[in-house]
Amino acid sequence: MQNSLEIVVLAAGQGKRMGSEWPKVLQPLAGQPLLSHVLRTARALDPASIHVVVGHRADQIKQHYANDNLNWVQQDQQLGTGHAVQCAMDQISPDSRVLVLYGDTPMVVQTDLEYLLATPADQVALLSARLPDPGRYGRIVRDGHDSVIGIVEFADADDAQRAICEVNTGILAAPAAVLAQGLDSLSSNNAANEYYLTDVIAWSVASGTPVNGVVCVGTDAVLGANDRRELAALERVYQRMQADQLMQQGVHLIDPSRVDIRGNVSTGSDVFIDANVLMQGSVSLGHGCKIGFGAVLIDCELGANTEVLPYSVLEGVVTAGDCSIGPFARLRPGTRLGRDTKVGNFVETKKAVLGDGSKASHLSYLGDSSIGQRVNIGAGTITCNYDGVNKHQTVIEDDVFVGSDSQLVAPVKIGAGATIGAGSTVTKDAPAHQLTISRARQRSIDNWSKPSKKK
Ligand code: UD1
Ligand code: CA
């Protein structure tokens, strides 16, 4: 029988170098806390349990994941990564296999971990990376036969060791019983006065458990975020990876370095995305969609051939297809656009349904509105949906023409085929197929003269 897998995620550190009130592992990468990325990868391995070691601002972290199935381990004092794992050991079954992940190393790839776990379960497996510029990472020391014999932390390394380009990702797998013994052997006699998890490697080699050093395929898996600069660099790497995935799906990105995805994007064929577009939450773009420069899409489902013109902000929008939106449109949650609709510049919508072929081309507010098919909403039309206390519904039936600068005071209904004269304030239902007009009658005064300046 295979030993069950238990994952320990280290997240107790303060992350002083981040200069933040927040615990480091809650700092966002692509809109999600660093820790969430690690947990997503951890879950993909289908472990028997996930233990998260917390200490600094533990309550804040636990609260964030209140609905997740995680086992919390308290590390009151942050005495080092080795000590952190040790805190979890009494909650781990002695015949399981333990995989250690770091909460501040979010780019670790599932396939690298699977490869690492392909090491015989009775050995220690260590994930490393080869970096042209190894920075301040721990260095992997190998002997003349290329076998791993230990890890030296940067602060403890001499010049020759610092010249080593193979670095520790921080990720390792080991039989629980071996790991427990190794952790017991640690001392804090080093530059940081900490119990280093990394010292388990040399102990393991010395005490006869083979260590299999697995070099990960790319170099991103090792990238951690200890300060704001590293976090910003990580964000760009992550965004670029997502942009590459989109391009692999056939999306035409005008500039893969100028797109931000904070969530999931699914696309049909021949989608075009201009520069500086932000997509957040769950976004789906049907075949032939075109997203203009600087657009923001949050939780949207855009049907085929929907065109979003520059600088439009859409949240919670569903379109049927062949729609044109913007430039400078603001579509808020509950907006549903039928086929072949147009919502033009400076139009705001909220809980508004537009039927097929309807248009609101300029300068309007449409809130809590149900609008039929082939309706024309003139420039400056406002649905007055709020009486100061409650919201009310506006219903506009098929083939209505609403003249410019009209106010529709809800609750109100405009019957099919009606025309509302420009500049009307409509407070009562307008009958179908009639002209309803409420503005003052126009008159001209013939013997009127302009006032002249007093002498
Ligand atoms: C660690 C490794 C280093 C490796 C690098 C990869 C050690 C001693 N060094 O260094 O070899 O190259 O990661 O990113 O392991 N943590 C706790 N409790 C503690 C201390 C840390 O939970 O007492 C957590 C931190 O919150 C963090 C993770 O462990 O998520 C790593 O700690 P950090 O201090 O960032 O280690 P590095 O100096 O980056
Ligand atoms: Ca780190």
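Our structure is the block above this text.
Reading the values: rules and limits
- Residues numbered from 1 in each chain as written.
- Chains lettered and ligands numbered in written order.
- Predicted model: local features only at pLDDT ≥ 70, side-chain atom pairs only at ≥ 80, totals over all residues.
- Heavy atoms only, no water.
- Helix = DSSP H or I, 4+ residues; strand = E, 2+ residues; numbered from the N terminus.
- Buried < 20%, exposed > 50% of the residue type's maximum accessible area, 1.4 Å probe, protein only.
- Contact = heavy atoms within 4.5 Å.
- Areas by Shrake-Rupley, 256 points an atom, 1.4 Å probe, with all protein chains shown as cover.
- 1 Å grid on protein atoms, 1.4 Å probe; cavity = no way out; pocket = protein on both sides within 12 Å on 5 of 7 lines; lining within 4 Å.
- Points joined across faces, edges and corners; volume = space filled by probe spheres on them.
- Nonpolar A, V, L, I, M, F, W, Y, C, P; charged D, E, K, R; others polar.
- Domains from an automatic or database assignment.
- Patch = residues over 30% accessible without salt bridge, like charges linked within 9 Å, V, L, I, M, F, W, Y side chains within 5 Å.
- Salt bridge = Lys/Arg side-chain N within 4 Å of Asp/Glu carboxyl O.
- Lys, Arg positive; Asp, Glu negative; His and termini not counted.
- Charge placed at Lys NZ, Arg CZ, Asp CG, Glu CD.
- Donors = N, O, S within 2.8 Å, 3.2 Å for Na, K, Ca; no water.
- Phe/Tyr/Trp six-rings, centres within 6.5 Å; stacked < 30°, edge-to-face > 60°.
- Lys NZ or Arg CZ within 6 Å of the ring centre and 35° of its normal.
- Core = buried A, V, L, I, M, F, W, Y, C linked by side-chain atoms within 4.5 Å.
- Near = heavy atom within 4 Å.
- Polar contact = N/O pair within 3.5 Å; in protein donor to acceptor, adjacent residues only side chain to side chain.

> Requested: an account of the overall build of the protein chain, with residues and values cited.
Summing up its helical and strand segments, the protein chain has 8 helices and 35 strands in all. Viewed in the frame of its principal axes, the protein chain has a C-alpha envelope of about 110 × 60 × 40 Å. Out of the 455 residues in the protein chain, the part that is buried amounts to 47%. Contacts in the protein chain between residues at least 24 apart in sequence constitute 40% of all its contacts with a sequence separation of at least 6. Here the protein chain has roughly 21800 Å² of accessible surface; of this, 49% comes from carbon and sulfur atoms.

> Can you tell me about the layout of surface pockets, naming the residues and giving the values?
Size it by volume and the largest pocket reaches roughly 1700 Å³. At the level of elements, α3 (81-89), β10 (166-175) and α8 (228-248) are the ones that each hand at least two residues to the lining of the largest pocket. If you tally residues by element for the lining of the largest pocket, the top one is α8, at 5 residues. Taken together, the residues that form the lining of the largest pocket break down as 19 nonpolar, 17 polar and 11 charged. Counting contributing residues, the lining of the largest pocket receives three or more from each of domain 1 (5-222) and domain 2 (228-436). Its volume calculated, the second largest pocket comes out at about 630 Å³. If you trace the second largest pocket, you find 29 residues lining it, with R40, Y238, M241, Q242 and Q245 closest to the centre.

> Go over a positive patch on the surface, please, and point to the residues and values.
Together, K16, R17, R136 and R162 make up a positively charged patch on the protein surface. Take K16: it is sitting in the loop between β1 (5-10) and β2 (28-29). In this structure K16 comes out as exposed when scored by relative accessible area, which is 70%.

> Can you break down the environment of G372 residue by residue, with the values?
Looking at where G372 falls in the secondary structure, it is placed in the loop between β26 (359-371) and β27 (376-377). Residue G372 is classed as buried on the basis of its relative accessible area, which comes to 12%. For G372 and R43, which are 329 residues apart along the polypeptide, the C-alpha to C-alpha distance reads 46 Å. Those residues in contact with G372 that sit more than four places away from it in its chain are L354, G355, S358, I396, E397 and D398.

> Tell me about the coordination of the calcium ion (ligand 2), residues and numbers included.
Looking at the calcium ion (ligand 2), one finds its protein donor set to be D104 (OD) and N226 (OD1), positioned 2.3 to 2.7 Å from the metal centre. In this pair, D104 is assigned in the loop between β6 (97-102) and α4 (110-117) and N226 in the loop between β11 (211-215) and α8, connecting sequence segments 122 residues apart. Note on D104: relative accessible area 14%, which makes it buried. Its relative accessible area of 18% is what places N226 among the buried residues.

> I'd like to hear about the packing of aromatic side chains, residue by residue, with values.
Here the distance between the centres and the angle between the planes together describe a pair of aromatic rings. Summed over all chains, the structure comprises 3 aromatic pairs. An angle of 15 degrees between the planes, with centres 5.6 Å apart, marks the rings of Y311 and F328 as stacked. Taken together, the positions of Y311 in the loop between β19 (307-308) and β20 (313-315) and F328 in the loop between β22 (324-325) and β23 (330-331) put the pair 17 residues apart, joining distant regions of the chain. F328 sits in the partly exposed class, given a relative accessible area of 43%. Put simply, the rings of F293, Y311, F328 and F346 pair up and form one aromatic cluster. When the ring centre of F154 is taken as origin, the NZ or CZ atom of R162, which lies over that ring, is 3.9 Å away. Looking at K391, its charged tip hangs above the ring of Y386, at a distance of 5.2 Å from the centre.

> If you had to explain the nonpolar core to someone new, which residues and values would you point to?
Generally speaking, nonpolar side chains in soluble globular proteins are found buried as a group. Counting 46 residues, the largest nonpolar core has I273, M279, L285 and L302 as the members making the most contacts within it. For this core, the elements supplying multiple residues, two or more each, are α8, β13 (259-267), β15 (277-285), β25 (342-354), β26 and β32 (412-414). The residues touching L285, leaving out its near neighbours within four places in the chain, are S266, T267, G268, V271, I273, M279, I291, L297 and L302. If you look at the next biggest cluster of nonpolar residues, it comprises 35 residues, including A11, L35, I50 and I61.

> An account of the site of ligand 1 is needed here, citing residue identities and associated values.
As a structural note, the neighbourhood of ligand 1 is formed by 23 residues, with Q75, G80, T81, E153 and N168 the closest of them. Note that an oxygen atom of ligand 1 is positioned 2.8 Å from one of the side-chain N or O atoms of Y102. G138 places a polar main-chain atom, nitrogen or oxygen, 2.9 Å from an oxygen atom of ligand 1. When ligand 1 sits alone it has 760 Å² of accessible area, and the protein chains cover 88% of it. Of all elements in the fold, only α3 and β10 reach the threshold of two or more residues within the shell around ligand 1. The class makeup of the residues in the shell around ligand 1 is 8 nonpolar, 12 polar and 3 charged.

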